[in-house]
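So you can see what is in the structure, the chains are spelled out below.
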Amino acid sequence: MSQEQPRRPQGEGDPIKYADVFGVSGELGEKAVKPEDAAMMQSAETAVLGQTQRGGPAAAMQSAANYNISAGAVKPGDVTDVAAREGVTVTGTAVPGANITTESVAGQVVGQYIQPTGGMAQGGGGVEEQQGSGGGGGQQQGGGGITVGQALEATAQTIPGKPIDQSDAAAIQAAEIRATGSNVITPGGVAAAAQSAAAYNESMMRDEDKVKLGDVLSGATTVLPADRPATRQDAEGVVGAEIRNKQDMSTTPGGVAASVTVAARLNERSQQQS
């Protein structure tokens, strides 16, 4: 996955901020990218991926930091306080047929890599890290591949601590409808739980008090009454539902729409190769 080139700030001497480079918000988005931030991401990428990724988050951060140094906005050795406090991470999630590597700064996703592993799971496997046999829950329809339910579980692995909002709830509802083939929301299912969580979260001021994606989606394949491999049409429906409920009309990096899109793309690639 390649990152866009950092957008130069409007005012001369103004630093490139995280929001200029990545789809991040809040405190991090307003911070200038600093040299030690890039160095931390380079170390994390090397530790997990064996090397820094060309066009990846570390490279984008280094480019932004270099500009900020040349503009006199930051100094060599500077580190962003929120990045130092909350950390820079590179983590891997294994789903049937692929490894998904997620890179984050201060808990916000700044990049993902999808690496096919050459084999698709047949049946209702689920995310590899999740415990259990994966045989419970609804029946899988159609042939092999990564199911919609497994894509939801991948979201729970990728950004488990993201508070559920209305865009997440809409995307989860669209995903459940696609997985089950029914327009009726299952009582006690993942869509109903997500809608309740989004409504509850709106009344909460602190993020630590809110219901998170990991709380609702970690056992999606066992809760869905039916499941099936994700298709391009499924992905388009989920993406549409998510962006219609976000002010910036964008999908959440590592979120529900992104995970279903990844699953559909891998399934399509597998079918072409078979």
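Residues numbered from 1 in each chain as written. Predicted model: local features only at pLDDT ≥ 70, side-chain atom pairs only at ≥ 80, totals over all residues. Heavy atoms only, no water.

> I keep staring at the environment of threonine 80 and nothing clicks. Help me out?
Note on placement: threonine 80 falls in the loop between helix H4 (57–70) and helix H5 (81–86). Sequence spacing of threonine 80 and valine 33 is 47 residues, and the spatial spacing of their C-alpha atoms is 7.1 Å. Beyond its immediate sequence surroundings of up to four residues, threonine 80 is in contact with Tyr18, Lys31, Ala32, Lys34 and Asp37. Side chain to side chain, threonine 80 and aspartate 37 meet in a polar contact 2.4 Å long. (Helix = DSSP H or I, 4+ residues; strand = E, 2+ residues; numbered from the N terminus. Contact = heavy atoms within 4.5 Å. Polar contact = N/O pair within 3.5 Å; in protein donor to acceptor, adjacent residues only side chain to side chain.)

> Help me out: how do you make sense of unusual backbone geometry in this one?
Excluding glycine, residues mostly carry a negative phi; peptide bonds, for their part, are mostly trans. Of note in this structure, alanine 106 is not a glycine but carries a positive phi near 50°. Structurally, alanine 106 can be placed in the loop between strand E2 (98–105) and strand E3 (108–116). On the accessibility criterion, alanine 106 (10% relative accessible area) is buried. Positive phi values are uncommon outside glycine, yet methionine 249 reaches one of about 55°. Along the chain, methionine 249 turns up in the loop between helix H11 (232–244) and helix H12 (256–273). (Buried < 20%, exposed > 50% of the residue type's maximum accessible area, 1.4 Å probe, protein only.)

> Looking at this model, I keep getting lost on the confidence of the model for the chain. Mind explaining?
Note: predicted coordinates in regions of low pLDDT should not be interpreted at a detailed level. Per-residue confidence for the chain gives a mean pLDDT of 83; residues scoring 70 or more make up 82%. Taken element by element, the predicted model of the chain shows its lowest mean pLDDT in strand E4 (residues 139–140) (50) and its highest in helix H7 (residues 166–180) (96). Low confidence marks residues 119–137, where pLDDT is under 50. Its contacts with residues over four positions away, or in another chain, come to 44 contacts. (pLDDT = per-residue confidence, 0-100.)

> Would you take a moment to explain the environment of glutamate 236 for this structure?
By the element assignment, glutamate 236 lies in helix H11. With 25 residues separating them along the chain, glutamate 236 and threonine 261 place their C-alpha atoms 7.7 Å apart.

> Explain helix H6 (residues 148–158) here, please?
The α-helix winds at 3.6 residues per turn, so residues separated by three or four positions along the chain end up facing the same way. Burial analysis of H6 places ten of its eleven residues in the buried class, the great majority of the element. The set of residues buried in H6 consists of Val148, Gly149, Gln150, Ala151, Leu152, Glu153, Ala154, Thr155, Ala156 and Thr158.

> Mind showing me how you'd approach the side chain of glutamate 45 here?
Residue position: glutamate 45 is located in helix H3 (residues 35–49). For the buried glutamate 45, no salt bridge exists, and the shortest N-O distance to an oppositely charged side chain is 12 Å, to arginine 54. Those residues in contact with glutamate 45 that lie beyond four places of it in its chain are Gly50, Gln51, Thr52, Gln53, Gly56, Pro57, Ala58, Val90, Glu103 and Tyr113. (Lys, Arg positive; Asp, Glu negative; His and termini not counted. Salt bridge = Lys/Arg side-chain N within 4 Å of Asp/Glu carboxyl O.)

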